[in-house]
Amino acid sequence: MELAKTILRLSLALMLALVPAVPTFAMADHSITPVVTAVPPIFAVGQTVSMFVGISNGNAASTEQIQPGDAFTFTFDAACGTAFSPPSPVVVNSATLNAADFQVGSRPTNRQFTITYNGIARMFAPGDSFIIKVSFQTPASPGTGKLTTQGPSDKRYDPVVGAFTVISFADFPAGPKGDTGLQGPKGDGFNYAGVWRATAAYNRNDVITFGGSSYAALQPSRGADPTTSLAWSLFAAKGETGATGPAGATGETGPKGPAGQQGLQGEKGDKGDPGGTPDLAAVLSRLDTLEAAAARLPAIEARLALLELPDPIAYVANYTSDNLSLINTTNNTLIATVPVGDGPFAVGVNPSGTRVYVANYLSDNVSVIDTTYNSTVFATVPVGNQPHGLAVNPSGTRVYVTSQQDNTVSVIDTTNDNNTVIATVPGGSSPEGIAVNPSGTRVYVTNYDSHNVSVIDTNDNKVIGNVNVGSNPIAVAVNPSGTRVYVANDFSDNVSVIDTTNDNKVIATVPVGDGPRGVAVNPSGTRVYVANYLSHSVWVIDTTSNTVIATVQVGDGPQGVAVNPSGTRVYVTNWNSGVLVSVIDATTNTVISTMHVGINPVGIAIK
């Protein structure tokens, strides 16, 4: 183990030593000069190898800061090999930067890895660096490959030095076999430490059980949640519950035996004395005690319900990071990140909060997550081409997914863990937004290029009508009573209000900001929140008068919007802000908090 640590130190030292020197006289400003280092640059063919890849600041006169959302992408071409695995966590060599502020994204099938900075703005000092380790299988034949590096497009940065790095692969001749070295000391073994306890102190290589799974300690810790803390690594996941065996056959009832003889009747007892008069004071006192206990029952039940009620979770789909961020909406903290498919765009949660469904735009499928652990995708459902919108019906038995390229809506049956598509509904041109009414009988789909909304009858999964709305409708929401449907029209900069009780007529058109892309209704149905992509704002509509009563400036390029179950907070995803979610206080209509999630957040749902 000490030998492995020594090799790691030598590799990092070699990496820093190989950073190209940039002459100070060449620097006319104080920008950051990203310098790429990739060591070692040469490998043997047909081997599983590891390479250290990183960025350092090569400008000795630099005074600029690294900002939230700054990202560096490393892409290996096909000549570099195969079987690229997710990289290691970031290692930082800096007095100002923290490794915990960097997020590593990966697309191993595309041989592409991204390091994104998510912390507050900090000095990226000259000579500072951050590094990841990438493992892969080298090609079978000698040759060269190319590593391409892309940095942030910002005036704070100079062009990347070493944007194209050549990696060589050679067929090294085998020399004579050396003598066998001395056997090293015995490595650390695993120590089973029982069920995890928040008060217990754990050491490295301790193994515990938590929630039916086993976790191994990577470092000493106390009170660190095994499912979210970097101090723990999943050792063995909980297995699925086996199928219930068939019931045994019921045995036949035996014949009834003959009745026995009746016994002799006993002698009649003496008549008892009449009872005395009850103690009235004692009875009234007992009644008072019972009434007092009954009066406390509602308070006790309310308290128990409060204790059992989990914190609402906001689920955010991060398009470029290919993952889902989980936010505790009580304290607005990031509690987990779950990898999903390629280009996640829309997200929905079933009514019980046990399943989360994510539409992956680039991989043409839906990821299904079990919220018991919020750590893995347990099912992937193929749907149409470029799934864009997703909605779950009120009973949680059906999921509806729009396919933008195929002009269809896929219907997924969720009543078993197979999650199979049971129907495909043809629709308008380029369907995008989708919503289900509270009774689950109607589905509303915005057709971006047809400039209308299709209405689907869920009994037979057929379109029963189309409602003409504004230009390029993109998002849709239904109020809690199911009597109104609100449609955000991207190009006409307004919201169409449809009355479902009057043959789906448009009864109002409300002007809003520039490029409305998201719409949500609060639980009481009194407010509609519209995210305007081009005017970087959320507009608030009073549903009684269908007029805008407030305008709230948020991040750059707001797309998704959702309201928490109590209606007190509104959460907005800001696409162009990189990694930002804005939180609006619904009472004052002001932004009270912002959070960093994955790259290009778009879809959001709260349960």
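On a predicted model such as this, the values are computed, not experimentally measured, just so you know.

(A) Expanded view of the pattern of salt bridges. All told, the structure shown has 12 salt bridges when counted by the stated rule. Residue Arg484 is joined to Asp499 by a salt bridge in which the shortest nitrogen-to-oxygen separation is 3.1 Å. Here Arg484 is found in strand β35 (residues 484–489), whereas its partner Asp499 is found in strand β36 (residues 494–499), with 15 residues between them in sequence. Owing to a relative accessible area of 25%, Arg484 belongs among the partly exposed residues under this scheme. Asp490 is the partner of Arg517 in a salt bridge, and the nearest nitrogen-oxygen pair spans 3.1 Å. Here Asp490 lies in the loop between β35 and β36 and Arg517 lies in strand β38 (residues 516–521), a separation of 27 residues in the sequence. According to the relative accessible area criterion, Arg517 is partly exposed, its value standing at 22%. When salt bridges that share partners are traced, they join Asp70, Asp154 and Arg156 into one network.

(B) Looking closely at the sheet that holds strand β32 (residues 452–457). Read from one edge to the other, the open sheet built from four strands follows the order β30-β31-β32-β33, with strand pairing classed as antiparallel. Whereas interior strands pair on both sides, the edge strands pair on one side only; in this sheet they are β30 (431–436) and β33 (462–468). The mean angle between the axes of side-by-side strands here comes to 25°, regardless of whether they run parallel or antiparallel. Examined bridge by bridge, β32 and β33 share six bridges and lie antiparallel to one another. By the bridge assignment for β33, Ser454 is matched with Asn466.

(C) Geometry of unusual backbone geometry. Here the bond from Val39 into Pro40 is cis, since omega is -10°, no more than 30 degrees from zero. With respect to the element layout, Pro40 can be found in the loop between β1 (34–39) and β2 (42–44). Even without being a glycine, Asp493 presents a positive backbone phi close to 55°. Among the secondary structure elements, Asp493 is positioned in the loop between β35 and β36. Even without a glycine there, the phi angle at Asn504 is positive, about 55°. Structurally, the position occupied by Asn504 is in the loop between β36 and β37 (505–511).

(D) Here's a closer look at the packing of aromatic side chains. Within the structure shown, the criterion is met by 19 aromatic pairs. Ring centres of Phe76 and Phe84 lie 5.1 Å apart, and the angle between their planes is 40°; this geometry places the pair in the tilted category. Accessibility expressed as a relative area gives 7% for Phe84, which makes it buried. Plain terms: the ring middles of Trp196 and Phe210 are 5.3 Å apart, the flat faces sit at 90° to each other, and that makes the pair edge-to-face. In this pair, Trp196 is assigned in the loop between β13 (191–195) and β14 (201–202) and Phe210 in strand β15 (residues 206–210), connecting sequence segments 14 residues apart.

Criteria and thresholds
Residues numbered from 1 in each chain as written. Predicted model: local features only at pLDDT ≥ 70, side-chain atom pairs only at ≥ 80, totals over all residues. Heavy atoms only, no water. Salt bridge = Lys/Arg side-chain N within 4 Å of Asp/Glu carboxyl O. Helix = DSSP H or I, 4+ residues; strand = E, 2+ residues; numbered from the N terminus. Buried < 20%, exposed > 50% of the residue type's maximum accessible area, 1.4 Å probe, protein only. Pairing = 2+ DSSP bridges. Axes fitted to C-alpha atoms, helices over the stretch in contact; angles between N-to-C directions. Phe/Tyr/Trp six-rings, centres within 6.5 Å; stacked < 30°, edge-to-face > 60°.

Everything listed is a geometric property; what it means functionally is a separate question.
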